[in-house]
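Chain residues, written in single-letter form:
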Amino acid sequence: MRTLLIILLVIAAVLGALALYLFLTTPGDATPLRVPLSAAQRELLARVPAAADSFALIPTAALLHRRLLANPVSHDVVARWTSEQPVPSPLLIGGGDVVAWKIGKRTSYAIRLDPLRAFLVRAWMMGSSDVAARWDGRLFVINATQGPPIDARTLDELLQLANGLEGNVLAVQRNPARGVFPPIGRPSVSVVGVTPREIVITSRALEGGRPVRPPEGGRDVRPPDHPPVQARFPRGALLSATFARPPRILDDVERLLGTDLSALVEGGGAVALYDIDAGTLLPRPKGVIVVPSSPEARVAMDVVIRVADVLGETRDTGRELLVSFDRQSAGLYSKDAFVPATWPANLWALRIDAARIVPILERLGDNRGLRIVAPRLHRAARDLRRWIAALQNAEAIEASDSLTGGVEELRVRIASK
């Protein structure tokens, strides 16, 4: 009995020492990922197959996991995802780097581990018979299929898009897919930074998907950059946006409002959406269209003023022209407090109150009348719902989109409450 007790104590001491080692050697901080990448990070990315539709590099993955759990916006989503995925515990990953890639609906992982953790993960594999995993050198590979690796030149051109960015995750979307974030061209490269207070995503893509470098001896014929838009966001709005040129969904909005707005917003403007009546056959937006005051804008407003005054009102503040198609929104806008934009933009900028708009998007996505009469607006609502449905704990979501030197850059900031 005494011998058994001693054996149990020794086993407990070993397990305790092992747990303490895993805890102490799991980093509490790390150098952010910076582009250009290190040689070791490039080597890990070289394991991505050429057939991958998308892939991501996560340096010190256990630290990212901890940061995501510390952020109120991402906590529940990450906890649920971790419980559903066949990957080792963050303590078993420790300071290891992870690369993940997706081909069709199949997601694969390669994890670089230290020798002790490699041994422990081997033991974990033995108790996880449903995990399709193997060892390849010091890499633990899950769900991987055979195939040639991504071409080095292709990888160089993709990474060149992200030069100068830093964060916690590098993600690449290679092939276009309907409704997949980010809503810019493909291929796109995104870098994600996570803190307990916010998540910041910077995504870049070439305008028109052209090569990064012009042909040998070729001349750079990219169009000049757009002037910046002057964005400021009314705090009480569900959604507010400022744009340099009319968005493509304007035609669908005109069908819902019953008037032509194209001439009014041809030179850019803003919209502040305070509510949407989603309980009718055709949803009715309640908000304000704002354009800078000018003689040309006043002439264009004559086209919409009859409809606007029947359903809502128009106002000329001297600096801005306001057009509202309901009786409350213009007054709400005039009394609202305004939030300055975090970043400059020259295409568009917007701010969303996620907690208030997600339930409305749920109803809009199921609205048959909207799908028939305004299909583009219906798809936009469904895409937005897909992107922000899990972000109801966010205080606000802000985005800005710019085109500079032939490269489109989208920045998104998700602030926690």
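Everything below is about the structure shown above.
On a predicted model such as this, the values are computed, not experimentally measured, just so you know.

**Focus on the overall build of the protein chain**
Move 1: Within the protein chain, the regular secondary structure consists of 13 helices and 20 strands.
Move 2: Out of the 417 residues belonging to the protein chain, those deemed buried represent 45%.
Move 3: Pairs at least 24 residues apart make up 67% of the contacts formed inside the protein chain by residues separated by at least 6 positions.
Move 4: Total accessible area on the protein chain is roughly 21,600 Å²; 58% of this is exposed by carbon and sulfur atoms.

**A closer look at the pairing of strand S13 (residues 269–277)**
Move 1: Alignment of strand S12 (residues 239–243) against S13, held across five bridges, turns out to be antiparallel. The residue of S13 that forms the bridge with Phe-243 is Gly-269.
Move 2: Of the strand pairs in this sheet, S13 and strand S14 (residues 284–292) are connected by seven bridges, and their pairing is antiparallel. Along S14, the bridge assignment pairs Val-271 with Ile-289.
Move 3: Between S13 and S14, which pair antiparallel in sequence order, lie six residues.

**What to know about the pattern of salt bridges**
Move 1: The full count for this structure, using the stated rule, is 14 salt bridges.
Move 2: A salt bridge links Arg-298 to Asp-316; the shortest N-O distance between them is 2.8 Å. Note that Arg-298 is positioned in helix H9 (residues 295–311) and Asp-316 in strand S15 (residues 313–316), a separation of 18 residues in sequence.
Move 3: By relative accessible area, which is 40% here, Asp-316 ends up partly exposed.
Move 4: Of the charged contacts in the structure, one is a salt bridge between Arg-356 and Asp-353, with a shortest N-O distance of 3.5 Å.
Move 5: We classify Asp-353 as buried; its relative accessible area is 16%.
Move 6: A single salt-bridge network, built from bridges that share partners, covers Arg-204, Glu-409 and Arg-411.

**Topic: the layout of surface pockets**
Move 1: The volume enclosed by the second largest pocket comes to roughly 560 Å³.
Move 2: Lining the second largest pocket are 33 residues, with Gln-230, Thr-242, Gly-269, Ala-270 and Pro-292 positioned closest to its centre.
Move 3: Elements with a contribution of two residues or more to the lining of the second largest pocket: strand S11 (232–234), S12, S13, S14 and H9.
Move 4: Considering only residue class, the lining of the second largest pocket consists of 21 nonpolar, seven polar and five charged.

**Topic: helix H11 (residues 354–365)**
Move 1: Over its 12 residues, H11 extends 16 Å from the first C-alpha to the last, a length consistent with the 16 Å expected when each residue adds 1.5 Å.
Move 2: Buried within H11 are the following residues: Ala-354, Ile-357, Val-358, Ile-360, Leu-361, Leu-364 and Gly-365.

Rules behind the numbers
Residues numbered from 1 in each chain as written. Predicted model: local features only at pLDDT ≥ 70, side-chain atom pairs only at ≥ 80, totals over all residues. Heavy atoms only, no water. Helix = DSSP H or I, 4+ residues; strand = E, 2+ residues; numbered from the N terminus. Buried < 20%, exposed > 50% of the residue type's maximum accessible area, 1.4 Å probe, protein only. Contact = heavy atoms within 4.5 Å. Areas by Shrake-Rupley, 256 points an atom, 1.4 Å probe, with all protein chains shown as cover. Pairing = 2+ DSSP bridges. Salt bridge = Lys/Arg side-chain N within 4 Å of Asp/Glu carboxyl O. 1 Å grid on protein atoms, 1.4 Å probe; cavity = no way out; pocket = protein on both sides within 12 Å on 5 of 7 lines; lining within 4 Å. Points joined across faces, edges and corners; volume = space filled by probe spheres on them. Nonpolar A, V, L, I, M, F, W, Y, C, P; charged D, E, K, R; others polar. Expected span 1.5 Å × (residues − 1).

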